[in-house]
Number of protein chains: 2
Amino acid sequence: MNQNNNFYLQEFYAKKFNELASVGGDIRRMFMLGQKLLQENPQIDLIDLSLGNPDLEPPEIVTSSIIKVLEKHEKGSHRYMDFAGLVDVRKFLAQELSHSEHVNINEETVYLTVGAAGGIHILLRVFLDQGDEAIIFAPYFPEYIPYISNYNAKPVVVNCDELHEPNLEDFRSKISEKTKVVLINSPNNPSGALYSKETIEGIASILEEHRRKTGQCIQLISDEPYSRIVFRNKTVPSILESYRYSWLIRSFSKDIGLAGERIGFVAWSEDKTKLGFINALRNSARCLGFVGAPRLMQRILPHVYHARVDVGIYEERVSKFIQILSEAGIKTIQPAAGFFVFPKSPIPDDRAFCDSLVSKGVLCVPGSGFGCPGYFRASLTQNIDRIEESAKRISNYKKDI
Amino acid sequence: MNQNNNFYLQEFYAKKFNELASVGGDIRRMFMLGQKLLQENPQIDLIDLSLGNPDLEPPEIVTSSIIKVLEKHEKGSHRYMDFAGLVDVRKFLAQELSHSEHVNINEETVYLTVGAAGGIHILLRVFLDQGDEAIIFAPYFPEYIPYISNYNAKPVVVNCDELHEPNLEDFRSKISEKTKVVLINSPNNPSGALYSKETIEGIASILEEHRRKTGQCIQLISDEPYSRIVFRNKTVPSILESYRYSWLIRSFSKDIGLAGERIGFVAWSEDKTKLGFINALRNSARCLGFVGAPRLMQRILPHVYHARVDVGIYEERVSKFIQILSEAGIKTIQPAAGFFVFPKSPIPDDRAFCDSLVSKGVLCVPGSGFGCPGYFRASLTQNIDRIEESAKRISNYKKDI
């Protein structure tokens, strides 16, 4: 080590941090490639489909509700509160969710979180010890890897089939005595796949069977930021109805367009064996520094809960994009929700494909970054003309190969 | 293990979680004692000085600023943003902090966080490995213990003197090759002590000396939620000016009264050896699920930054409380900021004292909960009449002993 000032601070970063930070490189690499290109040629017309930053504006009722609650000038309305969130808001959500999820939920079985990510973390902290395993399904949201590794547990990846539905035999084979958590994400980022009721029930019955055989109770965490922006004629099976030890996580980042405001929740079904679980989450949040979800956003939830961004816009973009690609012979599973599409890479090496696509003016992310080589993800968070143009560029490039 | 439903979920909590959650019991125990008493006798007139929930309303400009930024109806203003926060807000803070902290700070050396707690966590994640040590000073904020343990590092406690100023010889003796972080909190919760410039410079010079001798660069993290609500004639020494590898953390929870809205920041001095550190924090936040500080609160910061709650109210309560206790022979170091006081316990056993004080109608927290037996903490977050009444009850109780 240096004994003068000839060192860089990064020499003192923790090993564990460097290990965690090294994951998720594909999205960043594409972003950097795009930046480099723009630096070299600021005039370039680059269509960036790499980042999943939803672009639809929140419904107008968001602004009016914030102003309405502020104009009440209620004393104490910006103070600390119960870590779990305002009880009135939890009661409201409990009532809505009891109805929509077909299980009993009360204010002691719903917990407001700093976005969905905050919800995942406070759950993982409760259930994961060093050396434990958490099962995820490829394609997966890349941050799941550092989320799980953060607790010194090991992510175990289960493969999906051609429709991006979990392969249940592979799932069964990957459960071990170390498995503590199964983390699913349906509708899925990156694929847009909505796991069928049969799949969810299959997962549940494998977990139930495992518990009967071994006494081990595995937690099923369902990360559902897209479940309220499904396309026409689609319905999301209720995870809470399907499996007793499941935990529903949602945010209002995509369905109400409040990604920057960091508001979400965890909910679970009323159950005498889970009594007091809300206190475990309070303690977990306390230890992780998640003191509570932003209070002003909590307060507007009952007013804005039934509002939505205009999902039809996402659906139109997705249809148009897939149609153009399809005409060029690029196959894509039809997404059921959201704004991501996950087409087959026209060449087997998805990283090479995305790299060379940059020179054609389109930024996408290779499927390898989601544990699913041979595909690429496009985030359709631009207006329909740009989406159409990007699809044409990809198609033309395919024809040139 | 059970193979039927005769189990409770808590049997499946992680060992690590149970270990973390067991810390910080004193505040909770007092709270439960109070709850029990109120259940047994709902008519009881209990003055709760146990929880540190600041009660002063935010200045009016908070509400008007939120409404003002909302009424601009700016497109994209609730979307995801740079994890580090909005660049304009970071530029604003950088300018303010360069002035107030007497070092150069730019938009790449300030990072907006989900409260101060979020700031502490993203720093600890960068610097702490399993088995590392982090030094804290008693009395300390109790959550520091699980915060540090969360990263499998070990909190090492340095004692303070009678004025609650760090004992520098003890500090020097507790630095080891495993020490990666020193975490200070001045003005202090629970004591209200403001570490002197000499103390800060003493800490800095010991750390510098250690680096010269060993090449080890120890990080000094300064958690300062109270530094902008100091009482008359007090000034907080600039940590960033005193030590090159220091990290300033503040929130707007106490000074602007926005505890429930979860907004704070980390700042550090411009320095070629720290180049790119903002990316480390982005990565750390990404891994911990702190996707960003609530955006609406970021947007109002430039408008509300110079506003304050009415600190004179806290100062008046503190003076009155200490005066009454003093007349009864209970000694208290005069706090320099905030709303906490930390008097000597009238009997050596501070836990026994606080327990029996409950029956006299006052809830306080024993100093043992802050690593400092023989004292008790009172949080003066009620109006002056209640504060006066509580001080009288404590004094009367003292006279009865």
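The residue numbers shown here count from 1 along each chain, following its written sequence. Each chain gets a letter, beginning with A, and each ligand a number, beginning with 1, in the order they are written. Thresholds applied to this predicted model are a pLDDT of at least 70 for local features of residues and 80 or more for the giving and counting of side-chain atom pairs; totals over whole chains, interfaces and linings are not thresholded and use all residues. Calculated side-chain values reflect all of the structure's heavy atoms, with hydrogen atoms and water omitted.

## Thoughts on the overall build of chain A
In this description a helix means any DSSP run of H or I spanning at least four residues, a strand means any run of E spanning at least two, and both kinds are numbered starting from the N terminus. Across its full length, chain A carries 14 helices and twelve strands. On C-alpha atoms alone, chain A measures out to a radius of gyration of 22 Å, which is about the 21 Å that the 2.2 N^0.38 rule sets for 401 residues. Across its three principal axes, chain A shows a C-alpha extent of roughly 65 × 60 × 55 Å. Residues count as neighbours in contact if any of their non-hydrogen atoms are within 4.5 Å of one another. Considering only contacts within chain A whose residues lie at least 6 apart along the sequence, 75% involve residues at least 24 apart. Shrake-Rupley sampling with a 1.4 Å probe provides the accessible areas, and residues are treated as covered by the protein chains on show and by no other component. Carbon and sulfur atoms provide 49% of the accessible area of chain A, an area that totals close to 14,700 Å². Side chains of chain A give 47 positive and 49 negative charges; the mean places of these two sets differ by 3 Å. Based on C-alpha atoms, the radius of gyration is set beside the globule rule, defined as 2.2 Å times the residue count to the power 0.38. Only four residue types enter the tally: Lys and Arg on the positive side, Asp and Glu on the negative side; His and the chain ends are excluded. By convention, charge coordinates are those of NZ in Lys, CZ in Arg, CG in Asp, or CD in Glu.

## Focus: the sheet that holds strand β5 (residues 179-184) of chain A
All names here are of chain A. Two strands pair under a simple rule: DSSP has to find at least two bridges between them. Spatially, seven strands are ordered β2-β8-β7-β6-β5-β3-β4 in an open sheet, and the strand pairing comes out mixed. The open sheet has two edge strands, β2 (110-113) and β4 (154-158), and neither has a second partner. Pairs of neighbouring strands in the sheet enclose a mean axial angle of 20°, with direction left out of account. Pairing of strand β3 (residues 133-137) with β5 involves four bridges; the strand directions are parallel. Looking across to β5, one finds that I136 is bridged to L183. Interaxial angles span 0 to 180 degrees and are taken between N-to-C directions of axes, which are lines fitted to C-alpha atoms, for helices over the stretch in contact. Across the sheet, helix α5 (residues 115-127) touches β2, β5, β6 (219-223), β7 (246-251) and β8 (264-267), and the angle it forms with β7 is around 155°.

## Digging into the UniProt feature "domain: Aminotransferase class I/classII large" (unreviewed entry) in chain A
Residues given the UniProt feature "domain: Aminotransferase class I/classII large" (unreviewed entry) here are residues 45-394 of chain A. Counting secondary structure, residues 45-394 of chain A comes out at 38% helix and 13% strand; the distance between its end C-alpha atoms is 14 Å. UniProt positions are given in the numbering used here, feature names are shortened, and annotations may be inferred rather than shown by experiment.

## Considering the pattern of salt bridges
Residues and elements named next belong to chain A. One speaks of a salt bridge when a side-chain nitrogen belonging to Lys or Arg is within 4 Å of a carboxyl oxygen belonging to Asp or Glu. Counted under the stated rule, the structure contains 56 salt bridges over all chains. Here K36 and E40 are joined by a salt bridge, their closest N and O atoms 3.4 Å apart. One end of the pair is K36 and the other is E40, both in helix α2 (residues 25-40) and four residues apart, which spans about a single turn. K36 sits in the partly exposed class, given a relative accessible area of 48%. Judged by its relative accessible area of 55%, E40 is exposed. R250 is the salt-bridge partner of E101, the closest N and O atoms lying 3.1 Å from each other. Taken as a pair, E101 in helix α4 (residues 87-101) and R250 in strand β7 lie far apart in primary sequence, 149 residues in all. Here's how the labels work: a residue is buried when its accessible area is under 20% of the maximum for its type, exposed when over 50%, partly exposed in between, all with a 1.4 Å probe on protein chains only.

## Re helix α2 (residues 25-40) of chain B
Residues and elements named next belong to chain B. A helix is expected to span 1.5 Å for every residue after the first. Here α2 is 16 residues long and its end C-alpha atoms lie 22 Å apart, about the 22 Å a rise of 1.5 Å per residue gives. Restricting attention to buried positions, one finds in α2 the residues D26, M30, G34 and L37. Buried residues of α2, seen end-on, are gathered within an arc of 75° and therefore sit on one face of the element. Away from its buried face, by an angle of more than 90 degrees, α2 presents the exposed residues M32 and Q39. Buried residues in α2 make contact with α13 (350-358), β10 (362-363) and β11 (365-366). Directions from the helix axis toward the C-beta atoms define the arc.

## Comments concerning unusual backbone geometry
Residue A:P190 follows A:N189 across a cis peptide bond; omega there is 20°. Here A:P190 lies in the loop between β5 and α8 (197-214). Look at the link from B:A138 to B:P139: it is a cis peptide, with omega at 0°. One can find B:P139 in the loop between β3 (133-137) and α6 (144-149). At A:N233, a residue that is not glycine, the phi angle is positive and equals roughly 70°. Note on placement: A:N233 falls in the loop between β6 and α9 (239-242). For B:H164, which is not a glycine, the phi torsion comes out positive at approximately 65°. With respect to the helices and strands, the residue B:H164 is situated in the loop between β4 (154-158) and α7 (168-174).

## Considering the sheet that holds strand β6 (residues 219-223) of chain B
Residue and element names in this part refer to chain B. If you walk across this open sheet you meet the seven strands as β2-β8-β7-β6-β5-β3-β4, and the pairing is mixed. Each edge of the open sheet carries a strand with a single partner, namely β2 (110-113) and β4. Adjacent strand axes in the sheet meet at a mean angle of 20° when their direction is disregarded. Strands in contact with helix α4 (residues 87-101) are β2, β7 (246-251) and β8 (264-267); relative to β2, the strand with the most contacts, it is inclined by about 115°. Sitting on the sheet, helix α8 (residues 197-214) is in contact with β3, β5 (179-184) and β6, with an inclination near 175° to β5.

## A closer look at the relation of the copies chain B and chain A
Our superposition of the copies is a least-squares fit, built on the C-alpha atoms of residues whose pLDDT is at least 70 in both. In screw terms, the move from chain B to chain A is a rotation of 180° and a rise of 0.0 Å along the axis, fitting with an RMSD of 0.0 Å. This pairing of chains is accounted for by a two-fold axis. Every residue of chain B has its C-alpha some distance from the rotation axis, and the shortest such distance is that of B:I67, at 3.1 Å. Interface residue correspondence from chain B to chain A reaches 100%, placing this contact among same-surface, isologous pairings.

## A word on the packing of aromatic side chains
Only Phe, Tyr and Trp rings take part, Trp by its six-membered ring, and two of them pair if their centres are within 6.5 Å. Stacked means planes under 30 degrees apart, edge-to-face means over 60, and tilted covers everything else. On inspection of all chains with the given rule, the structure shows 55 aromatic pairs over all chains. With centroids separated by 5.5 Å and ring planes inclined at 40°, the aromatic side chains of A:F137 and A:F171 adopt a geometry described as tilted. Note that A:F137 is positioned in strand β3 and A:F171 in helix α7 (residues 168-174), a separation of 34 residues in sequence. With respect to class, A:F137 is no different from A:F171; both count as buried. Relative to A:W268, the ring of A:W247 lies with its centre 5.7 Å away and its plane at 50°, an arrangement referred to as tilted. Here A:W268 lies in the loop between β8 and α10 (277-288) and A:W247 lies in strand β7, a separation of 21 residues in the sequence. A residue is classified by how much of its surface remains accessible, and A:W268, at 1% relative accessible area, is buried. Aromatic ring contacts, followed pair by pair, group A:Y13, A:F17, B:F127, B:W247, B:W268 and B:F277 into a single cluster. We count a charge as sitting over a ring when the NZ of a lysine or the CZ of an arginine lies within 6 Å of the ring centre and within 35 degrees of the ring normal. Taking NZ or CZ as reference, A:K274 lies 5.7 Å from the ring centre of A:W247, over its face. Sitting over the face of the ring of B:Y305, B:R228 holds its NZ or CZ atom 4.3 Å from the ring centroid.

## Here we look at the packing of helix α12 (residues 311-327) of chain A against helix α14 (residues 384-400) of chain A
Residue and element names in this part refer to chain A. Where α12 contacts α14, the two axes come as close as 9 Å, and the packing angle between them is 20°. As summarised for this structure, α12 and α14 are arranged roughly parallel, according to the angle between their axes. Like other packed secondary-structure pairs, α12 and α14 cross with a definite hand, here right-handed. When α12 is examined against α14, the residues E316, R317, K320, F321, I324 and L325 are found in contact with a partner set consisting of I384, I387, E388, S390, A391, K392, I394 and S395. Here the contact of α12 with α14 is composed, by residue class, of seven nonpolar, two polar and five charged. Just so you know how the angles are binned, under 35 degrees is roughly parallel, over 145 roughly antiparallel, 65 to 115 roughly perpendicular, and the rest oblique. Should the near helix be turned anticlockwise from the far one by less than a right angle, the crossing is left-handed, and should it be turned clockwise, the crossing is right-handed. When residues are sorted by character, Ala, Val, Leu, Ile, Met, Phe, Trp, Tyr, Cys and Pro go into the nonpolar class, Asp, Glu, Lys and Arg into the charged class, and all the rest, Gly among them, into the polar class.

## Things to note about the packing of α4(A) against helix α11 (residues 295-304) of chain A
Residues and elements named next belong to chain A. Remark: α4 packs on α11, axes separated minimally by 9 Å, with the N-to-C direction vectors making an angle of 35°. Note that α4 runs across α11; the crossing there is left-handed. Across the interface between the two elements, V89, F92 and L93 of α4 pack against Q298, R299, L301 and P302 of α11.

## Quick look at the domain arrangement of chain A
All names here are of chain A. How far each domain reaches was decided by an automatic or database domain assignment. The domain architecture assigned to chain A consists of domain 1 (13-57 + 310-400) and domain 2 (75-304). Of note, the centres of domain 1 and domain 2, computed from C-alpha atoms alone, are 27 Å apart. Each side of the interface is counted separately: domain 1 has 26 residues, and domain 2 has 27 residues. Ranking the residues of domain 1 by area buried against domain 2 places E315, I333 and A336 at the top, with a combined share of 22%. The term buried area means the drop in 1.4 Å probe accessible area that two parts suffer when joined, counted for both and summed.

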